[in-house]
Amino acid sequence: MSVKTISRIETWEQLVARCKAVVTEEEAVGLLYSGMDVPYAGKYGGTSEERLTRVNFYLGGLKHVNEKIAATCGQLIIKRCLKELKCCLVGYDNGCLETTNKVLEFLQKPNEDLLKPPYPRFVSEYLLPLHEEWRHGRRPDYGKDKGHQLLQGSTRLIVRALCAWGLGYVLANDGLRPETIPMIKEFLDERGYETGKVFFKISGYGEPPADLSGTSGAEEVNFTAACAFLKLMFWVGGGFRAEFIRTIPPKHLAQ
């Protein structure tokens, strides 16, 4: 191979121009990966506008007619772009909410390849902090935070994305958002999952315990009996009502 000077892509504009000029799948995929390392023009890791421009570029690539290019864009959104999006402030950075909603739309129905490691970990690292901002707001403003208020309009997208990536457990953390119940049910209905199946898995199976001593033993006895009670009441006992004390009551029940 002859020795020749190899240039580098120095700006985002150069990267976009090269992407428009490619004629092979291999070159396009290589450029997509290279785009992640193109330096920002702005100081301190780039401006919010620069970061959102890059995220939106890869979101646009999801619709490419070439399946390999579209799949690469999806992989890079999860592995790299979600980190960029975490830096923007919903309510303060122009375009952040719009781009966030686009990403949440993308996360609704991930393809099978993206459900394999390491992608779920990257998604959880993005969605869980976003869930906290949606639930509580950023410190120190909490519920008064502008981003928190704007994210309420994205509730359905956030709930469904959490469910799609196996993070639905956080929605049951404290019972403060009862409006999410029909959204979770809608998600399960679309997947053809009968919610009653959960009750049939919690009791009726197991092994005789070897050690029931102490506090942990008493808890196991109580838990096992409670599971049997809930299953039988759901199955043949006419349903049940649960009574418990909430540390923080839902707003509609608070005095």
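Residues numbered from 1 in each chain as written. Predicted model: local features only at pLDDT ≥ 70, side-chain atom pairs only at ≥ 80, totals over all residues. Heavy atoms only, no water.

So what exactly am I meant to see when it comes to the pattern of salt bridges here?
Pairs may arise between side chains of opposite charge once their charged atoms sit close together. Under the criterion given, the structure shown has eleven salt bridges. Measuring nitrogen to oxygen at the nearest pair gives 3.7 Å for the salt bridge that ties Lys116 to Asp113. For Lys116, a relative accessible area of 42% corresponds to the partly exposed category. Across the pair Glu186 and Arg156 runs a salt bridge, and its minimum N-O distance is 3.0 Å. In this pair, Glu186 sits in helix H9 (residues 181-190) while Arg156 sits in helix H8 (residues 155-164), placing the two residues 30 residues apart along the sequence. Through salt bridges with shared partners, a single ionic network connects Arg156, Arg160, Glu186 and Glu190. (Salt bridge = Lys/Arg side-chain N within 4 Å of Asp/Glu carboxyl O. Buried < 20%, exposed > 50% of the residue type's maximum accessible area, 1.4 Å probe, protein only. Helix = DSSP H or I, 4+ residues; strand = E, 2+ residues; numbered from the N terminus.)

Mind showing me how you'd approach the side chain of Glu50 here?
In this fold, Glu50 is placed in helix H3 (residues 48-61). Arg54 provides the closest opposite charge to the buried, unpaired Glu50, separated from it by 5.4 Å. Polar contacts involving the side chain of Glu50 include one to the main-chain amide nitrogen of Ala41, which spans 2.8 Å. (Lys, Arg positive; Asp, Glu negative; His and termini not counted. Polar contact = N/O pair within 3.5 Å; in protein donor to acceptor, adjacent residues only side chain to side chain.)

Would you mind going over a nonpolar patch on the surface with me for this structure?
A grouping of Phe229, Leu232, Phe234, Trp235, Val236 and Phe240 is seen on the molecular surface, where their side chains present a nonpolar patch of about 630 Å² in accessible area. Position of Trp235 relative to the elements: it lies in helix H11 (residues 214-235). With relative accessibility at 52%, the residue Trp235 sits in the exposed group. (Patch = residues over 30% accessible without salt bridge, like charges linked within 9 Å, V, L, I, M, F, W, Y side chains within 5 Å. Areas by Shrake-Rupley, 256 points an atom, 1.4 Å probe, with all protein chains shown as cover.)

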